[in-house]
Amino acid sequence: MGICYDSDKQIFSLTTRDTLYQMQLGPVGHLLHLYYGPKTDCCFDYLQLDRDCGFSPNPYDHQEGRGWSLDTKAQEYSSQHAGDYRVCSLSLETDAGLSGTDLRYVNYKVFNHKYEISGMPSAFGKAQSLSITLADAATGVEVELLYGVFEKENVITRAVRVKNAGTSVVTIEKAASACLDLPFGGWQLLHFHGRHTMERAMERRSLMNGIQTVSSTRGASSHQHNPFVILCQPETTEDFGECYGMMLVYSGNHRTDIELDQSGSVRAVMGIHDDGFRWTLNPGEVFETPEVLMTFTDKGLTSLSQTYHKFIQHHICRSRFALERRPVLLNSWEAAYMDISEGKLLSIAKGAKDLGVELFVIDDGWFGQRDDDFRSLGDWFPNKKKFPGGLTPTLQKIRDLGLKVGLWVEPEMVNEDSGLYRAHPDWALTVPGRNPTMSRSQLVLDMSRADVVDWLYETLSTLLRENPIDYIKWDMNRNLADVYSRALPAARQGEVSHRFVLGYYDLMERLTREFPDVLFEGCAGGGGRFDAGVLAYSPQIWCSDNTDPIARLTIQHGTSFGYPIACMGSHVSASPNHQTGRSTPLHTRSTVAMAGTFGYELDPAALTEEEKETVRAQIARFHELQDLIREGDYYRLSDGSAWELVSEDKKEALLSFVLVDPTSNPKPNHIRLKGLVPEARYRVAWADFGGKASLPHEESRTFTGTALMRGGYTLPILFGDYPAVQILFKQI
Ligand code: GLA
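Residues numbered from 1 in each chain as written. Predicted model: local features only at pLDDT ≥ 70, side-chain atom pairs only at ≥ 80, totals over all residues. Heavy atoms only, no water.

*Asks:* How should I be thinking about the overall build of the protein in this particular structure?
*Replies:* Summing up its helical and strand segments, the protein has 12 helices and 39 strands in all. Against the compact-globule benchmark of 27 Å for 732 residues, the protein has a radius of gyration of 27 Å, which places it among compact chains. The principal-axis extent of the C-alpha atoms belonging to the protein is close to 85 × 70 × 45 Å. Residue burial in the protein is summarised as follows: out of 732 residues, 62% are buried. (Helix = DSSP H or I, 4+ residues; strand = E, 2+ residues; numbered from the N terminus. Rg over C-alpha atoms; globule rule 2.2 N^0.38 Å. Buried < 20%, exposed > 50% of the residue type's maximum accessible area, 1.4 Å probe, protein only.)

*Asks:* Would you mind going over the sheet that holds strand β2 (residues 11-15) with me for this structure?
*Replies:* In any sheet, the strands associate via hydrogen bonds between backbone groups, in a parallel or an antiparallel arrangement. Ordered by their spatial adjacency, 4 strands build an open sheet running β1-β2-β3-β4, and the pairing between neighbours is antiparallel. One side of each edge strand has no neighbouring strand; the edge strands of this open sheet are β1 (3-6) and β4 (31-38). Neighbour-to-neighbour, the strand axes of the sheet open up by a mean angle of 15 degrees, direction not taken into account. Pairing of β1 with β2 involves 4 bridges; the strand directions are antiparallel. Each bridged residue has a counterpart across the sheet, and for Ile 3 the counterpart in β2 is Leu 14. (Pairing = 2+ DSSP bridges. Axes fitted to C-alpha atoms, helices over the stretch in contact; angles between N-to-C directions.)

*Asks:* Explanation requested: the packing of aromatic side chains in the structure shown.
*Replies:* Each pair of aromatic rings is reported with the distance of its centres and the angle of its planes. On inspection of all chains with the given rule, the structure shows 34 aromatic pairs. Pairing Tyr 36 with Tyr 244 gives two aromatic rings, centres 5.5 Å apart and planes at 45 degrees, and the pair type is tilted. A residue pair is termed long-range when its members are at least 10 positions apart, and Tyr 36 in strand β4 and Tyr 244 in strand β15 (residues 243-249) qualify at 208 residues. Owing to a relative accessible area of 3%, Tyr 36 belongs among the buried residues under this scheme. Taking relative accessible area as the criterion, Tyr 244 reaches 6% and is therefore assigned buried. (Phe/Tyr/Trp six-rings, centres within 6.5 Å; stacked < 30°, edge-to-face > 60°.)

*Asks:* What is the right way to look at the site of the ligand in this model?
*Replies:* Residues in contact with the ligand amount to 13 residues; listed here are only the nearest, Asp 363, Asp 364, Arg 440, Lys 473 and Asp 545. Here an oxygen atom of the ligand sits 3.0 Å away from a polar atom, N or O, in the side chain of Asn 477. At 2.4 Å from an oxygen atom of the ligand is found a side-chain nitrogen or oxygen belonging to Asp 545. Class assignment of the residues belonging to the shell around the ligand gives a composition of 4 nonpolar, 3 polar and 6 charged. (Near = heavy atom within 4 Å. Polar contact = N/O pair within 3.5 Å; in protein donor to acceptor, adjacent residues only side chain to side chain. Nonpolar A, V, L, I, M, F, W, Y, C, P; charged D, E, K, R; others polar.)

*Asks:* What's the story with helix α10 (residues 586-593) in this structure? I'm lost.
*Replies:* Owing to its 3.6 residues per turn, the α-helix brings residues three or four apart onto one side. With respect to burial, α10 is a largely interior element, 8 of its 8 residues being buried. Residues Leu 586, His 587, Thr 588, Arg 589, Ser 590, Thr 591, Val 592 and Ala 593 constitute the buried set of α10.

*Asks:* Just to check I follow, could you spell out the side chain of Arg 86 for this structure?
*Replies:* Note that Arg 86 resides in the loop between β4 and β5 (90-94). At 2.9 Å, the side chain of Arg 86 forms a polar contact with the backbone oxygen of Leu 70. Ignoring sequence-local partners within four residues, the contact set of Arg 86 consists of Leu 70, Asp 71, Thr 72, Lys 73, Gln 75, Asp 181, Glu 259, Asp 261 and Arg 267. (Contact = heavy atoms within 4.5 Å.)

*Asks:* What is the right way to look at helix α3 (residues 342-355) in this model?
*Replies:* Its 14 residues give α3 an end-to-end C-alpha distance of 20 Å, which sits within 8% of 20 Å, the value for a rise of 1.5 Å per residue. A positive backbone phi angle near 105 degrees is found at Gly 356, which sits one or two residues after α3. (Expected span 1.5 Å × (residues − 1).)

*Asks:* So what exactly am I meant to see when it comes to the sheet that holds strand β28 (residues 540-542) here?
*Replies:* An order of β29-β28-β27-β26-β23-β22-β21-β31-β30 is seen for the 9 strands of this open sheet, with the pairing classed as parallel. A strand with exactly one partner marks an edge of an open sheet, and here the two such strands are β29 (568-569) and β30 (571-573). With 4 bridges connecting them, strand β23 (residues 404-409) and strand β26 (residues 471-474) associate as parallel partners. Within the sheet, the bridge partner assigned to Val 409 lies in β26 and is Trp 474.

*Asks:* Just to check I follow, could you spell out the packing of α3 against helix α4 (residues 391-400) for this structure?
*Replies:* The geometry of a pair of packed helices is captured by two quantities: the angle between their axes and the separation between those axes. The N-to-C vectors of α3 and α4 enclose an angle of 15 degrees; their axes lie 10 Å apart at closest approach. As the angle between them shows, α3 and α4 are arranged roughly parallel. Crossing hand, α3 versus α4: right-handed. Contact residues: Glu 342, Leu 346 and Ala 349 in α3; Thr 394, Lys 397 and Ile 398 in α4. Of the residues assigned to the contact of α3 with α4, the class counts are 3 nonpolar, 1 polar and 2 charged. (Parallel < 35°, antiparallel > 145°, perpendicular 65-115°, else oblique. Left-handed = near helix turned anticlockwise from the far one by under 90°.)

*Asks:* Please clarify how the confidence of the model for the protein should be interpreted in this entry.
*Replies:* Detailed reading of the predicted model is not advised wherever pLDDT is low. In the predicted model, the protein carries a mean pLDDT of 97, and the fraction of residues at 70 or more is 99%. When mean pLDDT is compared element by element in the protein, β15 scores highest at 99, while strand β38 (residues 713-715) scores lowest at 92. (pLDDT = per-residue confidence, 0-100.)

*Asks:* Help me understand the pattern of salt bridges, please; the structure alone is not making it clear to me.
*Replies:* Note that side chains of opposite charge can pair when their charged atoms are close. Under the counting rule described, the total for this entry stands at 54 salt bridges. Here Lys 397 makes a salt bridge to Glu 342, at a shortest N to O gap of 2.8 Å. Of the two residues, Lys 397 is situated in helix α4 and Glu 342 in helix α3; the sequence distance between them amounts to 55 residues. Looking at Glu 342, the relative accessible area reads 18%, which means it is buried. Between Asp 417 and Arg 422 there is a salt bridge, with its nearest N and O atoms 3.1 Å apart. What emerges from the salt-bridge pattern is a single network uniting Asp 84, Arg 86, Asp 181, Asp 261 and Arg 267. (Salt bridge = Lys/Arg side-chain N within 4 Å of Asp/Glu carboxyl O.)

Written out as structure tokens, the structure reads:
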């Protein structure tokens, strides 16, 4: 039983395969957090100690004891202005001027299905749900805490419904999705920060006293801070130790505050960012927060990552493609940028077909007057100069070559120099009386407006209906500023950022439902919106605009802590690389791109005959490996330069390694594998060094799983600039 309520002790226990989550009603109805950790049948109510802590006040009904304070108790959803001075989960004000909440228990319900959140993606599948309602008497606000228990997956989801059950109008200033109080232990924070073309680098640090924040106010989950954090013990490694994960299923402004308080307890509060957020709730109305995916393991960071990988693929990604073989694509961007025409595209497409590519994607530059990035976003009809006969015949000609066809769009944006902007200047987010902030010379469409979303739906669905399109690359190349909607009254301007995200989800929902056979790839200047909300609709996201394989090692390594590699758009591009100028071997580029969706981003005509042969072999190799890459268990073997995929039956293991710092008189590169069956025997089925080294052992040699995991495997000396190796081990 995943959810239990002990009515004597008033304890709720949520149990997954390996974890227990426990909470208890306090004597006057506060919902207290007891425990989240390894599964056990202990009852942790003894941990709720009363402690008279100076300047930590007492609720009126606890004034006798003095030791009972919301300021020192672990709680499920922290209140505000009622004696807890730590990070609050909910902040609101009524039109009568009342603020703060003192939340007390009302009732609970258990469901044998997973709850849903309206207008936003959330986890689906076999699960139980618990709803606990708390209420604040003064403001009349009810808070329904939702818990989804995915037993086998070791995941507990959280979300919150805030209902105005009173008679005053309520303005919500903050409504977090989850609060996790960890009463004991010195925790460290892992978070994933970066910038455009260098996303999601992992940083690990001990908590400072006070509050540390991981957040975005950019209107997108952002290149800068991913809505995903891990709290772990100082001694936690990839293979051992305790760690908690919290991941927000949301694509807009987000905020996670982690507070180390005066008592040494840690509180993590995650949800929509409160900067500029104000949501009006009339009597009877309900506001729903996005969902948080929580997990705990005492088996280290790899185990935590693998939990998220499987969960996202099976319970977040709705697209059928998430669990299917996906076509090897060639994208026109780095091959031709906007300098495209039917003739040029057909010639690249023919070259791609000749290499074994299966899907040809026409990137930016096909529409309106789009010869540069100053104009035409919003004019989603073909550029007549580039496609005199229209787009459909060109797409058909590409289809006739035996290729699937993809198209780039950036629907949420508009250029001032566009027919759309000239017709509807009020559809852009701008502040009346102020010149708008420009970014890449474009403005953001007001997706909080239903008429804008409807227009986009009509435009895009017509494009998809009238053209043979198998794939859409959905881009978002700037962040929000001047967040003001001309369609909303003054009191509702604080809703625009969140309504923008709801508009984006509504559009994705309608399009993916109507076109389930179109593969959508998310993108925002590369990985500027790489989150579980986008993954619900697009089973893959272009991981970064940086295609340099050496830089990608860091980006993909960081991304892998929370997200499956099968979701990471990753391509082989030209050398020298267009972003960094670095030259790398073709084999290294493909080794790194195979830790992702795998595709190409170059002009085949620029390849030598020998390189073309190599590319054909790479594509054949990807076909051999793609089930393993998509479904296998992923292991980080180093800080980015070595990784391994092991098939679910543990019969195959693919080891990949890139040498990033070749030295003279080099030390041997020795790698210990993971995840194998100790007593089984493995042999090297093949090893690919890009033609630059040979195997140290005969192919007939076999190793036990124990030998490869304990003793390890020594690679031959690798020489030259950034050599890479892929080795497939097979059980015999
Ligand atoms: C973004 C994307 C690129 C490319 C360009 C086109 O930067 O990440 O891959 O599509 O836009 O303008």
